[in-house]
Amino acid sequence: MKFIFDNWMIMSVALASGAMLFWPVLKGANGGSLTATGAVQLINREKAVVIDICETTEFAAGHIVGAKNIPLGQLEEKLPAAVKNKALPLILVCQSGARSKRAVAIAHKLGYAQAQSLAGGLGGWRAASLPLEKS
């Protein structure tokens, strides 16, 4: 105990660095981010809807089979017409996963409580060797 009191600065740095290392684990658990395997399970078991928020040219170059294309800028106005059942799981996808995290916030605001972002975007999907289609 004397060591802790004598070296309180070192102990506080150790605790802070440990907390910073553990933070991504906590954030990943609740951050709405979904692995490619988890996405496939949601699609197959719970009939999840895949919304690709890439621009139309990116979407045409390659997208998840059965995905609907709604660019991020139009998501707020077009999502309610594309997915009427707000109880269905929603998987939002972009090229890298960065834009889809913003799209999750928009979907939650619109009432889609089960909206999630695909971790790594289409890059993560490709890394899991899952199929893409071109249009």
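Everything that follows concerns the structure shown earlier in this document.
Residues numbered from 1 in each chain as written. Predicted model: local features only at pLDDT ≥ 70, side-chain atom pairs only at ≥ 80, totals over all residues. Heavy atoms only, no water.

(A) Inspection of the nonpolar core at higher detail. Formed by 18 residues in total, the largest nonpolar core has its most connected members in Ile-51, Ile-53, Leu-75, Leu-79, Leu-90, Leu-92 and Tyr-112. Put simply, the parts of the chain that give this core at least two residues each are β2 (49-52), α5 (75-82), β5 (90-93) and α6 (98-109). In terms of residue count, α6 provides more of this core than any other element does, three residues in total. The contacts of Ile-53, once residues within four sequence positions are left out, are Ile-70, Pro-71, Leu-72, Leu-75, Leu-92, Val-93, Cys-94, Arg-99, Ser-100 and Ala-103. (Core = buried A, V, L, I, M, F, W, Y, C linked by side-chain atoms within 4.5 Å. Buried < 20%, exposed > 50% of the residue type's maximum accessible area, 1.4 Å probe, protein only. Helix = DSSP H or I, 4+ residues; strand = E, 2+ residues; numbered from the N terminus. Contact = heavy atoms within 4.5 Å.)

(B) Just unusual backbone geometry, in detail. If you check the backbone angles, Lys-47 has positive phi at about 55° while not being a glycine. With respect to the element layout, Lys-47 can be found in the loop between α3 (36-46) and β2. For Lys-47, a relative accessible area of 58% corresponds to the exposed category. Non-glycine residue Ser-129 carries a positive phi angle of around 60°. Relative to the helices and strands, Ser-129 resides in the loop between α7 (121-127) and β7 (132-133).

(C) Layout of the packing of α5 against α6. At their nearest, the axes of α5 and α6 sit 10 Å apart, and the two run at 60° to each other. Our classification of the angle between α5 and α6 gives oblique. By crossing handedness, the relation of α5 to α6 is classed as right-handed. Across the interface between the two elements, Leu-75, Glu-76 and Leu-79 of α5 pack against Ala-103, Ile-106, Ala-107 and Lys-109 of α6. Residue composition of the contact of α5 with α6, by class: five nonpolar, no polar and two charged. (Axes fitted to C-alpha atoms, helices over the stretch in contact; angles between N-to-C directions. Parallel < 35°, antiparallel > 145°, perpendicular 65-115°, else oblique. Left-handed = near helix turned anticlockwise from the far one by under 90°. Nonpolar A, V, L, I, M, F, W, Y, C, P; charged D, E, K, R; others polar.)

Shape descriptors only; they carry no functional weight alone.
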